[in-house]
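Structural overview
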Amino acid sequence: MRTQVAIIGAGPAGLTLGRLLERAGIDAIIIEQRSADYVLGRIRAGVLEQSSVDLLRAIGAGARMDEEGLFHDGVELSFDGDTLRVDFNELVGRRVMVYGQTEVTRDLMDARAASGAVSIYGAQDVAIHDFDGAAPRVTYKKDGRDFEITCDFIAGCDGYHGVTRASVPAGAVTGFERVYPFGWLGVLVDQPPVSEELIYAHHARGFALCSMRSQTRSRYYVQVPAGEVVEDWSDDRFWEELRARLNPETAETLKTGTPIEKSIAPLRSFVAEPLRFGSMFLAGDAAHIVPPTGAKGLNMAIHDVAVLAEALTERYGEKSNAGIDAYSARVLENTWRTERFSWWMTQLLHTFPETGDFGRRIQRADFDYLRVSRIARQSLAENYTGFKSA
Ligand code: APR
Ligand code: PHB
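An account of the accompanying structure is given in this report.

Some details on unusual backbone geometry
Both trends apply: most residues other than glycine have a negative phi, and most peptide bonds are in trans. Cis peptide bonds are those with omega within 30 degrees of zero, and the linkage from Glu-273 to Pro-274 qualifies with -10 degrees. Summarising the element assignment, Pro-274 is placed in the loop between β17 (261–273) and β18 (276–277). Although it is not a glycine, Asp-143 sits at a positive phi angle of roughly 50 degrees. Topologically, Asp-143 is positioned in the loop between β10 (137–142) and β11 (145–150).

Here it is in structure tokens:
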């Protein structure tokens, strides 16, 4: 088989890139190791920046989002029960859209399936070859047979544990990483959300987040120490812990129930540099990971592939390498800005066992600064809703 761009991974990064390239008349095949159902079984964050919303609409994956997504004008922060509303719309004239990543992925898959573009699910032993040379190739096995795809470019959209970054020779790529000593225990429950907007809560017992998927489906999280297992968290224990971390009036109105999903995700900040290796580009979680506190993972992935699609369009159309030469620097600039924001939100809102009382006083000062300073709130609003360089 032959294609122009071989896209490894059918998460939001790979699927969005596929749509963008299709629109530009560039041929691409998506190669995914899992089944489509497995990909759709993953539950992740659900906040879209306006630029992500615009892009999903532009690639024909916005219809259901426009019907079912919820526009939010702001969020609530809470610190030991004291609350502060950050009004994005009033502060920076922007809003965010609450719409689950699972739904985004489904819409992208449906759009791709309808267009007839080739996606290979269940590809085993995916390997990439000669991406430094003139004839890059991707090989894989499926149903006991060996396959090979020759291509011009390879897009590494295969997530943090994927094969593309791992195939770069040692020494050619540097990883910058911070692993946090805690994770998020999350539940999905068919109950109306406790609040119309998201609540990010700091409490001496740890961070908590109240989020939602719809008017009848809520998503809640509590910070738990690294190494905790979900089996140790009965439903009752979870609800009790969540209530203890919220402000008492909010806790009182919380509607609980039997979760339809319960899982623990570790928190990590990670950036790979550079992001281009000859004819291979890293994008999305393959390139960087953020802790979910700023809800940036999906938005970063969409940003990366928008830059990549533009660069490849320029390459095929105007025969110019300017875009692909600039890819790594352009994406890294956005990446580090977003890494900083996600790290800062994480730092502000979680409890860190090692920092002690001094650390907690500093966190309180950070929260109080937000309360008294419009500029501080504006900075949060600008970053949360998505800062983009001109
Ligand atoms: N070969 C083929 N596919 C692979 C391989 C491999 N060796 N390794 C991983 N994959 C697939 C995974 O099964 C997954 O479907 O690549 C896909 C990567 O998807 P994601 O992990 O969702 O990453 P990405 O598309 O970059 O999306 C970023 O996902 O993790 C969240 O917060 C993050 O919201 C952000 C978004
Ligand atoms: C979610 O709804 O899952 C969610 C929302 C906001 C975040 C993280 C996760 O910051």
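Regarding the pattern of salt bridges
If the charged atoms of two oppositely charged side chains come close together, the side chains can form a pair. Summed over all chains, the structure comprises 29 salt bridges. Across the pair Asp-325 and Arg-276 runs a salt bridge, and its minimum N-O distance is 2.7 Å. With Asp-325 in helix α11 (residues 322–349) and Arg-276 in strand β18, this pair connects stretches of sequence that are 49 residues apart. Judged by relative accessible area, which is 27%, Arg-276 ranks as partly exposed.

With respect to the site of ligand 1
Taken together, the neighbourhood of ligand 1 is formed by 24 residues, with Glu-32, Arg-42, Arg-44, Gln-101 and Asp-285 sitting nearest. Interatomic distance of 3.2 Å between a backbone N/O atom of Pro-12 and an oxygen atom of ligand 1. With respect to ligand 1, the side chain of Arg-44 contributes an N or O atom lying 2.6 Å from an oxygen atom. When ligand 1 sits alone it has 710 Å² of accessible area, and the protein chains cover 90% of it. Of all the secondary structure elements, the ones that give two or more residues to the shell around ligand 1 are α1 (12–23) and α10 (297–317). Among the elements that line the shell around ligand 1, the one with the most residues is α10, at three residues. Looking at the shell around ligand 1 residue by residue, the classes come out as 10 nonpolar, eight polar and six charged.

Some points on empty space enclosed by the protein
What the rule picks out here adds up to two cavities of 30 Å³ or more. Reported here for the largest cavity is a volume of approximately 100 Å³. If you trace the largest cavity, you find it lined by Glu-49, Lys-296, Asn-299, Met-300, His-303, Asn-334, Arg-337, Thr-338, Asn-383, Gly-386, Phe-387 and Lys-388. Mapped onto the lining of the largest cavity, the elements with two or more residues apiece are α10 and α11.

Brief notes about the sheet that holds strand β3 (residues 47–48)
In a beta sheet, neighbouring strands pair by backbone hydrogen bonds and run either parallel or antiparallel. Strand order in this open sheet of three strands is β3-β7-β4, and the pairing throughout is antiparallel. Of all strands in the sheet, those bounded by a partner on one side alone are β3 and β4 (70–72). As defined by bridge partners, β4 adjoins strand β7 (residues 96–98) across three bridges and the pair is classed as antiparallel. Bridge pairing links Leu-70 to Val-98 in β7.

Notes on the sheet that holds strand β19 (residues 280–282)
A sheet is described by the order of its strands in space; here six strands give the open sequence β8-β2-β1-β12-β19-β18, paired in mixed fashion. The sheet terminates laterally at β8 (119–120) and β18, the two strands that pair on one side only. Where strand β1 (residues 5–8) meets strand β12 (residues 153–156), four bridges bridge the pair, whose relative direction is parallel. Counterpart to Ile-7 in the pairing with β12 is Ala-155. The strands that α10 touches are β1, β12 and β19; relative to β12, the one it contacts most, it runs at about 175 degrees.

Considerations on the side chain of Arg-112
Inspection of the secondary structure puts Arg-112 in helix α6 (residues 101–115). Salt bridges are absent for the buried Arg-112, whose nearest opposite-charge side chain, Glu-22, sits at 4.2 Å. Residue contacts for Arg-112: discarding those within four places in its chain leaves Leu-15, Gly-18, Arg-19, Glu-22, Ala-28, Ile-29, Ile-30, Ala-117, Val-118 and Ser-119.

Examining the packing of α10 against α11
The N-to-C vectors of α10 and α11 enclose an angle of 170 degrees; their axes lie 9 Å apart at closest approach. In terms of axis orientation, α10 runs roughly antiparallel to α11. In this structure, α10 meets α11 at a crossing whose hand is right-handed. Along its contact with α10, which presents Met-300, His-303, Asp-304, Val-307, Leu-308, Glu-310, Ala-311, Leu-312, Glu-314 and Arg-315, the element α11 presents Ala-322, Gly-323, Ile-324, Tyr-327, Arg-330, Val-331, Asn-334, Thr-335, Thr-338 and Glu-339. In the contact of α10 with α11, the residues fall into nine nonpolar, five polar and six charged.

Some points on helix α8 (residues 235–245)
Listing the buried residues of α8 in full gives Phe-238, Trp-239, Glu-241, Leu-242 and Arg-245. Here the buried residues of α8 occupy an arc of 165 degrees about the axis, which is enough to place them on one side. Residues of α8 that are exposed and angled more than 90 degrees away from the buried face: Asp-236 and Glu-240.

About the criteria used
- Residues numbered from 1 in each chain as written.
- Chains lettered and ligands numbered in written order.
- Predicted model: local features only at pLDDT ≥ 70, side-chain atom pairs only at ≥ 80, totals over all residues.
- Heavy atoms only, no water.
- Helix = DSSP H or I, 4+ residues; strand = E, 2+ residues; numbered from the N terminus.
- Salt bridge = Lys/Arg side-chain N within 4 Å of Asp/Glu carboxyl O.
- Buried < 20%, exposed > 50% of the residue type's maximum accessible area, 1.4 Å probe, protein only.
- Near = heavy atom within 4 Å.
- Polar contact = N/O pair within 3.5 Å; in protein donor to acceptor, adjacent residues only side chain to side chain.
- Areas by Shrake-Rupley, 256 points an atom, 1.4 Å probe, with all protein chains shown as cover.
- Nonpolar A, V, L, I, M, F, W, Y, C, P; charged D, E, K, R; others polar.
- 1 Å grid on protein atoms, 1.4 Å probe; cavity = no way out; pocket = protein on both sides within 12 Å on 5 of 7 lines; lining within 4 Å.
- Points joined across faces, edges and corners; volume = space filled by probe spheres on them.
- Pairing = 2+ DSSP bridges.
- Contact = heavy atoms within 4.5 Å.
- Axes fitted to C-alpha atoms, helices over the stretch in contact; angles between N-to-C directions.
- Lys, Arg positive; Asp, Glu negative; His and termini not counted.
- Parallel < 35°, antiparallel > 145°, perpendicular 65-115°, else oblique.
- Left-handed = near helix turned anticlockwise from the far one by under 90°.
- Arc of directions from axis to C-beta.

Bear in mind that shape data such as this cannot, by itself, settle questions of function.
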